[in-house]
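# An overview of the molecular structure
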Amino acid sequence: MNDLVPLSVLQQKIPLGEVVDLVSFVEVCKSFSDLYRVGVKVFDAHGKRLVDIKAGSEDFCGYVFQFQTGKERCTATVGRVKDQPIPGKDVERIQCFTGARYLVLPIVYEMDYLGRAVLGPFVPDDLADLPPSLTDIGPPAGNGSGNGASNGFDPTVARALMERFRRAPESTIHKILLHFGTILNVMIFSSYRVFLTGQLHLESVKESNRVLEDKNRELQANFDRLKELDTLKSNFLATVSHELRTPLTSIMGYTDMLLEGLAGPVKDEQQQFLKTIMEKSEALLGMITDMLDLTRAEASRVTLKREMTDPAKILHDTFTTVAPLARKKNIEIRERVLGSLPKLSLDRVKVQQSVMNLAVNAIKFTREGGHIVLEGQLVELGDGRFGGDSWLELAVSDDGIGIPNMQIERIFDTFYQVDGSSTREFGGVGLGLALVKSYVEAHGGQVKVHTVEGKGSRFSLLFPTA
Ligand code: ADP
């Protein structure tokens, strides 16, 4: 988990300039300034100037700025307009040394100071004449040039230039500023809402992403651990099944010798017992062999011993091997080969074992009186219009118990059985299909199953012919 959770936009102070659309904001301020013939300035909370619209004061200020003292006092006024603390929410007056004036209104959102709106400079109508703080600004700055600055401060010039910007009672500008404040509030607050909504949406997407990444990391760690456990399990199974085979072979060898009468004559009943021992041992050996084969298959170590193989013969051999088993359960079993099947380069033993597994399963999961068909044919897969590839299909169908839809994928997992109790009823440990799948896929083939619960199943093994 990342401990450094970034500050939410709700906890941050967002600069005003990032919230509003500056271009349209400036446009509105400009129309306002044109309408009321007064300069408009807007600063953010850090004193950054966002809007500066002059309304006739440029020449006057430019003239005054050419005088050294004028320049210094001008700069001080600008500094106060921009930064002077405004104690309350009310309009604040800032008096310029020239006699002109500014009115400043704080912009506040949810108790946060966002910046200030300024109207001015304007000439208050109670200003009778130029104040001494302006007339004493003395000699021009540097060499002084233009506008008569080189001749020293000229009140007549200053008065004429001052006439160009608005003269009004302070109360009028005060009202205009409050009106301007209302417009700003609407603009800023609706922008804030849009901005916050957008940012919050972004934050929630980022948060979901963070949660997903954490979950992914957890999943990956679990997956790695499971893989490790799976490898341990496979190694364990490989060792155990190998170790089990040795004593079992001895048991079978000695049983065989007893059956042969090598240790003296065996009575009928004893012979029956020995045959049972032999049968069960063979079944056990089959399971152990499956387990060993599977651990090899899981480690992708299926090595095929290919040879030219007659698929029809595989079907027939399977048929003759399982027919007695089927008969015992009163199940009718048939073989059907459609057309002639070509000989293919296959691992005969593994394909035989695969078909055999399917046939034994079909017998296991079909009730007495049921039907089983072993089929062989060539089929075309893919889009018939363009001619698909030709595959050899070896299939086993039954009208047995079928498999519930939800379980179809899982029956190919090792040790998976649809009904765990089937082990007791039908035998087996859930390895057969996993082996079949790995053998068929090692040939570049695929296993398909079509099944309807309660009606029956058709397992088909498809091998490429080319
Ligand atoms: P096992 O037969 O040893 O249990 P398999 O891997 O061969 O193991 O089969 C896995 C499971 O798939 C079986 O336990 C059974 O639930 C289901 N199954 C396989 N073949 C059939 C079939 N022909 N009809 C119904 N269920 C089947």
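Keep in mind it's a predicted model, so treat the numbers as computed, not measured.

With mixed pairing, 5 strands are arranged side by side in an open sheet as β8-β10-β11-β13-β12. Taken across any chain shown, the strands that pair with only one partner, and hence form the sheet edges, are β8 (332-337) and β12 (446-452). With direction set aside, neighbouring strand axes in the sheet form an average angle of 20°. Those strands touched by helix α10 (residues 348-364) are β10 (371-381), β11 (389-398) and β13 (456-464), and its axis lies near 30° from that of β11. Helix α12 (residues 432-442) rests against β12 and β13 of the sheet, and its axis sits at about 25° to β13.

What follows concerns the pairing of strand β4 (residues 101-109). Most of β4 is tucked away, with 8 of its 9 residues classed as buried. Sheet topology places strand β3 (residues 92-95) next to β4; 4 bridges connect them, and they run antiparallel. Each residue of the ladder has a partner; that of Q95, found in β4, is R101. The turn joining β3 and β4, which pair antiparallel and follow one another in sequence, is formed by 5 residues; a positive phi near 100° is taken by G99. The pairing of β4 with strand β5 (residues 112-124) spans 8 bridges and is antiparallel. By the bridge assignment for β5, V108 is matched with Y113. Taking the residues that link successive antiparallel strands as the turn, the β4-β5 hairpin has 2 residues, and the phi of E110 there is positive, at about 50°.

Inspection of the region around the ligand gives 20 residues, with N361, K364, Q417, G430 and L433 positioned closest. Residue K364 places a side-chain N or O atom 2.8 Å away from an oxygen atom belonging to the ligand. A distance of 2.8 Å separates an oxygen atom of the ligand from a polar backbone atom of L433. Contact with the protein chains removes 97% of the 530 Å² of surface that the ligand exposes when unbound.

With that settled, the discussion passes to the pattern of salt bridges. Within the structure shown, the criterion is met by 23 salt bridges. Across the pair D52 and K41 runs a salt bridge whose closest N-O atoms are separated by 3.0 Å. One end of the pair, D52, is in strand β2 (residues 49-53); the other, K41, is in strand β1 (residues 40-44), with 11 residues separating them in the sequence. For D52, a relative accessible area of 28% puts it in the partly exposed group. Its relative accessible area of 11% is what places K41 among the buried residues. Residues K437 and E441 are paired through a salt bridge, measuring 2.9 Å at the closest nitrogen-oxygen approach. Linking K437 with E441, this pair stays in helix α12, spanning 4 residues, or about one helical turn. Taking relative accessible area as the criterion, K437 reaches 30% and is therefore assigned partly exposed. Classification of E441 by relative accessible area gives partly exposed; the value is 43%. Linked through salt bridges whose partners overlap, the residues forming this network are K41, R49, D52 and K54.

With that out of the way, let us pick up the confidence of the model for the chain. As a note on interpretation, predicted positions should not be read in detail where pLDDT is low. Per-chain confidence: the chain averages 87 in pLDDT, with 91% of residues scoring 70 or above. Low confidence marks residues 143-147, where pLDDT is under 50. Its contacts with residues over four positions away, or in another chain, come to 6 contacts.

What follows covers the packing of helix α7 (residues 170-260) against helix α8 (residues 268-298). Two quantities define a packed helix pair, namely the angle between the axes and the distance from one axis to the other. At a minimum axis separation of 9 Å, α7 and α8 run at an interaxial angle of 155°. By the angle between their directions, the pair α7 and α8 is classed as roughly antiparallel. For the pair α7 and α8, the sense of crossing is left-handed. The residue makeup of the contact of α7 with α8, split by class, is 16 nonpolar, 8 polar and 6 charged.

Before going further, it helps to spend a moment on the packing of α8 against α12. Two elements in contact, α8 and α12, have axes separated by 10 Å at closest approach and are oriented at 45°. The pairing of α8 with α12 is recorded here as oblique in orientation. With respect to the hand of their crossing, α8 and α12 are arranged in left-handed fashion. Judged by residue contacts, D290, D293, L294 and A297 of α8 engage A434, L435, S438 and Y439 from α12. Tallied by class, the residues present in the contact of α8 with α12 amount to 5 nonpolar, 1 polar and 2 charged.

Cut-offs used in this document
- Note that residues are indexed from 1 along each chain, following the sequence as it is written.
- Selection of residues for local features in this predicted model requires a pLDDT of at least 70, selection of side-chain atom pairs for listing and counting requires 80 or more, and totals for whole chains, interfaces and linings are taken over all residues.
- Excluding hydrogens and water, the side-chain figures rest on all heavy atoms present in the structure.
- Two strands make a pair as long as DSSP finds a minimum of two bridges between them.
- Counting from the N terminus, the helices are the DSSP runs of H or I reaching at least four residues and the strands are the DSSP runs of E reaching at least two.
- Here, axes are lines fitted to C-alpha atoms. For helices the fit covers the stretch in contact, and angles between N-to-C directions go from 0 to 180 degrees.
- By definition in these notes, contact holds between two residues if any of their heavy atoms fall within 4.5 Å.
- Burial status follows relative accessibility: with a 1.4 Å probe on protein chains alone, a residue under 20% of its type maximum counts as buried, one over 50% as exposed, and anything between as partly exposed.
- Only a single heavy atom is needed: when it lies within 4 Å of a molecule or strand, its residue is near that molecule or strand.
- In protein, a polar contact means a hydrogen-donor-capable atom and an acceptor-capable atom, both N or O and within 3.5 Å, with residues adjacent in sequence counting only if both atoms are side-chain atoms; elsewhere, any N or O pair within 3.5 Å suffices.
- Only the protein chains shown count as covering a residue, and every accessible area follows the Shrake-Rupley method with a 1.4 Å probe.
- We count a salt bridge whenever a side-chain nitrogen from Lys or Arg sits within 4 Å of a carboxyl oxygen from Asp or Glu.
- You can read pLDDT as the predictor saying how much it trusts each residue, on a scale of 0 to 100.
- For this classification, under 35 degrees means roughly parallel, over 145 means roughly antiparallel, 65 to 115 means roughly perpendicular, and everything else is oblique.
- Helix crossings are classified by the rotation of the near helix relative to the far one: an anticlockwise turn of less than a right angle makes the crossing left-handed, while a clockwise turn makes it right-handed.
- Gly counts as polar in this scheme, as do all residues outside two lists: the nonpolar Ala, Val, Leu, Ile, Met, Phe, Trp, Tyr, Cys and Pro, and the charged Asp, Glu, Lys and Arg.

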